[in-house]
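Structural characterization, general
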Amino acid sequence: MRQFKETLRQLRAQGLYRSLLQTDSATSTSVKQDGQKALLFCANNYLGLANHPVLKKAAAEAAETWGAGAGAARLVSGNHYLYKTLESKLAQYKHTAAALIFSTGYMANLGTIPAIVQKGDLILADRLNHASLVDGCRLSGASFRIYRHRDTVHLEKLLQKRKSGQNVLIVSDGVFSMDGDIAPLPEIVRLAENYDARIYLDDAHATGVLGQNGGGTAEHFGLSNPRLIQMGTFSKALGGFGGFVAGTEDLIQLLINKARPFVYTTALPPGVLASALAALELVQSRPHLMAQLWENQAYFHQKISELGFNLLGSETPIVPILIGSSEKALTFSKHLLEKGILVSAIRPPTVPKGSARLRVTLMAVHTQAQIDLLLHALKDIGKKLRII
Ligand SMILES: Cc1ncc(COP(=O)(O)O)c(C=O)c1O
């Protein structure tokens, strides 16, 4: 029998050991972790909605009226009326016929991909897709080929090699979660049309961030296509919890019947649904939130580019700073924390070997003074560790 201690020892030796810190505050531009207050530059709460009074009030009122939990799966008695309202608003938001809420974004990916492709089918996936997409693809039993990151020439070569009549699904992040760059969706759609494939797009980091209304990658490129299945989350820019899939009416009916992480889990609590509804309304009625996020992104991007770090082609409020070794990335993060700034080190297997990094994320609610503090600290430590 393999000893757990030995596996843990190996993880430590490789600089890959992970441990939990305790957060003792609400998620805002600063947090208290293990008793220490720090400026927060690594949350996915892009619009600062996680602690927004409108969302909190909506959640509290719904809990007061309808209770803390749903008590059963949606197909049993947990299908609260808020689901219907929220799903129809999501479909409008994503410019699709219908939408379906899952308990998390992870479960949306784990449930949808195996429901739409099976053994004998072919999945073509970007090399830097999120782990939950990888898990969904593996679970499906379909053949699974990887194309080079954002490389549509490579994608086309793989499409040309598919067996005649084979059902093909192209799977990609919209905004890549660890690199902050954007999938070349117009070209992917063109290829899907030419080769009769479907696309599954994970817009976890694009929802509420990209496109005029925050509708995501498709809205950003002005695209709408029945081959495109869009997944999103409430857990990032929308400040809450839960995931969803938007697409055709038939797709949604199929998922209700076949997606196991949808069927076999308890429905979300009413408070979670109510706060998601409030967030969706807020993001569309207060465009200054997204405008401020992008203003912060532009400011930080310009200043950090001048420092000479490798930013891996980031185009969004996710800004990776490539370090390379896991140990060095951890040391950088530790030095930042000593200066009162929290930016976590991202290491394999979350990112490919040798590409450990700091992953800075900007929020609409960061002030320029806070961003300047981060820039100064990055410059000081970057020089000390000989990264710049
Ligand atoms: C690209 C991507 N997809 C899916 C997920 C999972 O979403 P959730 O946190 O709502 O489960 C995440 C979050 O970690 C993500 O970054």
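Conventions adopted
Residues numbered from 1 in each chain as written. Predicted model: local features only at pLDDT ≥ 70, side-chain atom pairs only at ≥ 80, totals over all residues. Heavy atoms only, no water. Near = heavy atom within 4 Å. Polar contact = N/O pair within 3.5 Å; in protein donor to acceptor, adjacent residues only side chain to side chain. Areas by Shrake-Rupley, 256 points an atom, 1.4 Å probe, with all protein chains shown as cover. Helix = DSSP H or I, 4+ residues; strand = E, 2+ residues; numbered from the N terminus. Nonpolar A, V, L, I, M, F, W, Y, C, P; charged D, E, K, R; others polar. Pairing = 2+ DSSP bridges.

1. Things to note about the site of the ligand
Surrounding the ligand, one finds 15 residues, the nearest of these being Tyr-106, Asp-202, His-205, Ser-235 and Lys-236. Contacts to the ligand include Lys-236, whose side-chain N or O atom sits 3.2 Å from an oxygen atom. In isolation the ligand has 390 Å² of accessible area, and contact with the protein removes 82% of it. Elements represented by at least two residues in the shell around the ligand include exactly α5 (105-116) and β8 (228-233). The element that contributes the greatest number of residues to the shell around the ligand is α5, accounting for 3 residues. Partitioning the shell around the ligand into residue classes produces 3 nonpolar, 9 polar and 3 charged.

2. Here we look at the sheet that holds strand β10 (residues 318-324)
Within the open sheet, the 3 strands sit side by side as β10-β13-β12. Their pairing is antiparallel. On the outer flanks of this sheet lie β10 and β12 (345-346), each paired with one strand and no other. Of the strand pairs in this sheet, β10 and strand β13 (residues 356-361) are connected by 6 bridges, and their pairing is antiparallel. Each residue of the ladder has a partner; that of Gly-324, found in β13, is Ala-356.

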